[in-house]
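# Structural features, examined
Here is what each chain is made of, one letter per residue.
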Amino acid sequence: MTHDIPYIKLSIVAIFIASTVYVHFRGRVRLRFFRQLMDHSTFMAPINCLMYMFSKLPARPYLPVAGFPELKLLEDHWQDIRAEAFKLAAAGEIKKSDKYDDAGFNSFFKTGWTRFHLKWYDEAHSSARELCPVTTELLQRIPTVKAAMFAALPPGGRLVTHRDPFAGSLRYHLGLVTPNADSCYISVDGERYSWRDGEGVIFDETYLHYAENQSDMMRIILFCDIERPLNNPVARWFNHFISHTLIRAASAPNSETDRTGGINRLFAYVQQVRLFGKRIKARSRFAYYGLQWLIFGGLLVWWLFG
């Protein structure tokens, strides 16, 4: 059987290439070629294509909130949720991490974005149960909400264009404290949506998107990951498996009382490598990208023929 191994490996590579091409051309807005190659969506492409294949929903940037009737519970209590968000914001609890323990959102902190995690593919954070009992109790009553946080974007704040890594979920935003104006918006695959107090929106976060607050007031939303409806029981099992292993490992704490996932326990060490890479890039972009190609190309050749 050993003579068949290179063909098996080449088949795996072909699956990655085909999946990446599909992800890249799925939307109207696309990354540049070399950025796409090194983006996390390339490494997750085969998994995400399975989620797309068995999705009950159409491939659109925005989806009707009415298709998720369980979320009406949050919209009915949006003022109670907002009251807890106000208290957190006044106490300085909606904040960036002061450590390298939030890999998924670390790059957003430098443009002013801040957060307070309520839950992350698990039970509610202990700090959230203590400080936000109403919101955590409401979230507990909606099993399809896999993760939730309060997310704030200050005046002049902007999130760079990106796509989230995992297609097993959809993103729900509920406006809590917003300018109620078109100057504060999110753009998903080139289509803009402006937040409004008490109103929710659902979008597919694996399309390229960015957010911008051009107003003179803070924007605070309830930010949730909602399980993507799938039409195949095996695909649903696989979605749950990835969620409860890989995605759950990205859990980030608000305080010392909260659990830190394995990915974030390693992130402090990984960040040192990233910072070293940024220093090389600042001196020579050619050297930086050349080193990336050398490392990943060498690993690929070793894996295929080693």
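Residues numbered from 1 in each chain as written. Predicted model: local features only at pLDDT ≥ 70, side-chain atom pairs only at ≥ 80, totals over all residues. Heavy atoms only, no water.

Turning our attention to the pairing of strand E5 (residues 169–177). In terms of residue burial, E5 counts as a mostly covered element, since 9 of its 9 residues are buried. In this sheet, strand E10 (residues 219–227) lies alongside E5 in antiparallel orientation, the contact comprising 8 bridges. The partner of Val177 across the bridge, within E10, is Ile220. With 4 bridges connecting them, E5 and strand E8 (residues 200–203) associate as antiparallel partners. Directly across from Tyr172, in E8, lies its bridge partner Ile202. (Buried < 20%, exposed > 50% of the residue type's maximum accessible area, 1.4 Å probe, protein only. Helix = DSSP H or I, 4+ residues; strand = E, 2+ residues; numbered from the N terminus. Pairing = 2+ DSSP bridges.)

In this section: the packing of aromatic side chains. This structure, assessed with the given rule, holds 13 aromatic pairs. Judged by centre distance (6.0 Å) and plane angle (85°), the ring pair of Phe105 and Trp120 falls under edge-to-face. With Phe105 in the loop between helix H6 (78–90) and strand E2 (114–120) and Trp120 in strand E2, the pair connects residues that are 15 residues apart, well separated along the chain. In this structure Phe105 comes out as buried when scored by relative accessible area, which is 7%. Given the relative accessible area of 9%, Trp120 is considered buried. (Phe/Tyr/Trp six-rings, centres within 6.5 Å; stacked < 30°, edge-to-face > 60°.)

Our focus in this paragraph is H6. Compared with an ideal rise of 1.5 Å per residue, which puts 13 residues at 18 Å, H6 spans 18 Å between its outermost C-alpha atoms and is within 8% of the ideal. Of the residues making up H6, those classed as buried are Trp78, Ile81, Glu84, Ala85 and Leu88. Taken end-on, H6 shows its buried residues confined to a sector of 125°, consistent with a single buried face. Those residues of H6 that are exposed and angled more than 90 degrees off the buried face are Lys87 and Ala90. Count one or two residues on from H6 and you reach Gly92, which has phi positive near 75°. (Expected span 1.5 Å × (residues − 1). Arc of directions from axis to C-beta.)

Where helix H4 (residues 45–53) contacts helix H9 (residues 233–247), the axes come no closer than 10 Å and their chain directions differ by 140°. Here H4 is positioned oblique relative to H9, judged by the angle of their axes. In this structure, H4 meets H9 at a crossing whose hand is left-handed. Contacts between H4 and H9 involve Ile47, Leu50 and Met51 on the former and, on the latter, Ala235, Phe238, Asn239 and Ile242. Classifying every residue of the contact of H4 with H9 by side-chain character gives 6 nonpolar, 1 polar and no charged. (Axes fitted to C-alpha atoms, helices over the stretch in contact; angles between N-to-C directions. Parallel < 35°, antiparallel > 145°, perpendicular 65-115°, else oblique. Left-handed = near helix turned anticlockwise from the far one by under 90°. Contact = heavy atoms within 4.5 Å. Nonpolar A, V, L, I, M, F, W, Y, C, P; charged D, E, K, R; others polar.)

What follows deals with the side chain of His173. Mapped onto the fold, His173 is located in strand E5. Using a relative accessible area of 4% as the deciding quantity, one classes His173 as buried. A distance of 3.1 Å separates the side chain of His173 from the side chain of Trp195, its partner in a polar contact. With residues near it in sequence (within four places) discarded, His173 still touches Ile186, Trp195, Glu199, Gly200, Val201, Phe203, Ile221, Leu222 and Phe223. (Polar contact = N/O pair within 3.5 Å; in protein donor to acceptor, adjacent residues only side chain to side chain.)

Limitation: the analysis is restricted to geometry and does not speak to function.
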